[in-house]
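Each chain is listed here by its residues.
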Amino acid sequence: MAVTSDSRRIPLIAGNWKLNFDHLQSIAFVQKLAWVLQDARLDFRAVEVAVFPPFTDLRSVQSLIAADHFPLVFGAQDVSEHDSGAFTGEISGAFLKALDCTYVIVGHSERRAYHHESNESVGAKAAAAIRHSLVPVICVGETAEDLEKRGAAAVPVEQLAAALSGLPTGADIVVAYEPVWAIGSGQAATPEQAESVAAQLREVVGEALGSDAADRTRILYGGSVNSGNIARFLREPNVDGALVGGASLVVDEFAKIARFQNHVGV
Ligand code: PGA
């Protein structure tokens, strides 16, 4: 399949807050983020900026964004594979949709590692997201050991193929390629590695969901992204944005990442 940088792929800069910020802190953060980006005249048609707060912040973030018409979108960090029933502690995709979430992260490496989420359950969560008209941000990535034994792409390709196997043709998804060894380590992958794996992941999307979906699907890079390295990743034709952890918790730094188009070449 030809590698294209499809003009429909508006770059997505996504901040994964993980277990940080309560609902009051989330309000202060989102307000400041919107002001900084609007002051800087970010062209929100050219880049989509999303935050992923903890569940308990979502209602506050929703209300603020709606009331002040901020051009930001948001999502949750996880979703249940079930829609309702006796599943204590789980959150349904229906509830997230009712709070205007656009996205939901599924299969983040921290959930795979600490909550033993299998490829199968990640696939079931992606399917649940789609049932509720949420766009799943499907995370895949190799550990340092995988990298050494099997190279960069083998495990992410397997993880993505498994996650997509139950999804309908043409499903609207985002893929996040996050090498586990790069997350929170301060040591990002090279843009060349991100591009090479992203290109192979796009092939997987094409095989599972069809060529139109492959052209349209945004593939993000994640793992120690900051304002100093973002522009180099976004120059790659198959990298369509970033999933940002630590650097998404500092307003000015996250805003600089969202404004990567202003510092290409830095
Ligand atoms: P990091 O985290 O940017 O702090 O490396 C990325 C992630 O876990 O999504």
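Refer to the structure printed above.
The following paragraphs examine the structure supplied in this document. Everything numeric here is computed off the predicted structure, so don't read it as measured data.

**A look at the pairing of strand β6 (residues 174–177)**
Part 1 of the reasoning: Along β6, one buried face is formed by V174 and A176 and the opposite face, lined by V175 and Y177, is buried too.
Part 2 of the reasoning: Bridging between strand β5 (residues 135–140) and β6 involves four bridges; their strand directions are parallel. Pairing of V140 across the sheet is with Y177, part of β6.
Part 3 of the reasoning: Sheet topology places β6 next to strand β7 (residues 218–222); four bridges connect them, and they run parallel. Bridged to Y177 within β7 is Y221.

**A closer look at the site of the ligand**
Part 1 of the reasoning: In the vicinity of the ligand there are 13 residues, among which K18, H108, E178, G184 and S224 approach most closely.
Part 2 of the reasoning: At 2.7 Å, a backbone N or O of S224 approaches an oxygen atom of the ligand.
Part 3 of the reasoning: The protein chains hide 95% of the 280 Å² of surface that the ligand would expose on its own.
Part 4 of the reasoning: Across the shell around the ligand, the residue classes break down as four nonpolar, seven polar and two charged.

**What to know about helix α7 (residues 154–164)**
Part 1 of the reasoning: For α7, the set of buried residues is V155, P156, Q159, L160, A163 and L164. One face of α7 carries all of its buried residues, which in axial projection span an arc of 155 degrees.

**Considering the sheet that holds strand β8 (residues 241–244)**
Part 1 of the reasoning: With parallel pairing, the eight strands of this closed barrel are ordered in space as β1-β2-β3-β4-β5-β6-β7-β8. Each strand of the sheet is rotated relative to its neighbour by a mean of 25 degrees, with strand direction disregarded.
Part 2 of the reasoning: Pairing between strand β1 (residues 12–16) and β8: four bridges, direction parallel. Paired with I13 across the bridge in β8 is A242.
Part 3 of the reasoning: Along the sheet face, α7 touches β5 and β6 and points at about 150 degrees away from the line of β5.

What counts, and where the lines are drawn
Residues numbered from 1 in each chain as written. Predicted model: local features only at pLDDT ≥ 70, side-chain atom pairs only at ≥ 80, totals over all residues. Heavy atoms only, no water. Buried < 20%, exposed > 50% of the residue type's maximum accessible area, 1.4 Å probe, protein only. Helix = DSSP H or I, 4+ residues; strand = E, 2+ residues; numbered from the N terminus. Pairing = 2+ DSSP bridges. Near = heavy atom within 4 Å. Polar contact = N/O pair within 3.5 Å; in protein donor to acceptor, adjacent residues only side chain to side chain. Areas by Shrake-Rupley, 256 points an atom, 1.4 Å probe, with all protein chains shown as cover. Nonpolar A, V, L, I, M, F, W, Y, C, P; charged D, E, K, R; others polar. Arc of directions from axis to C-beta. Axes fitted to C-alpha atoms, helices over the stretch in contact; angles between N-to-C directions. Contact = heavy atoms within 4.5 Å.

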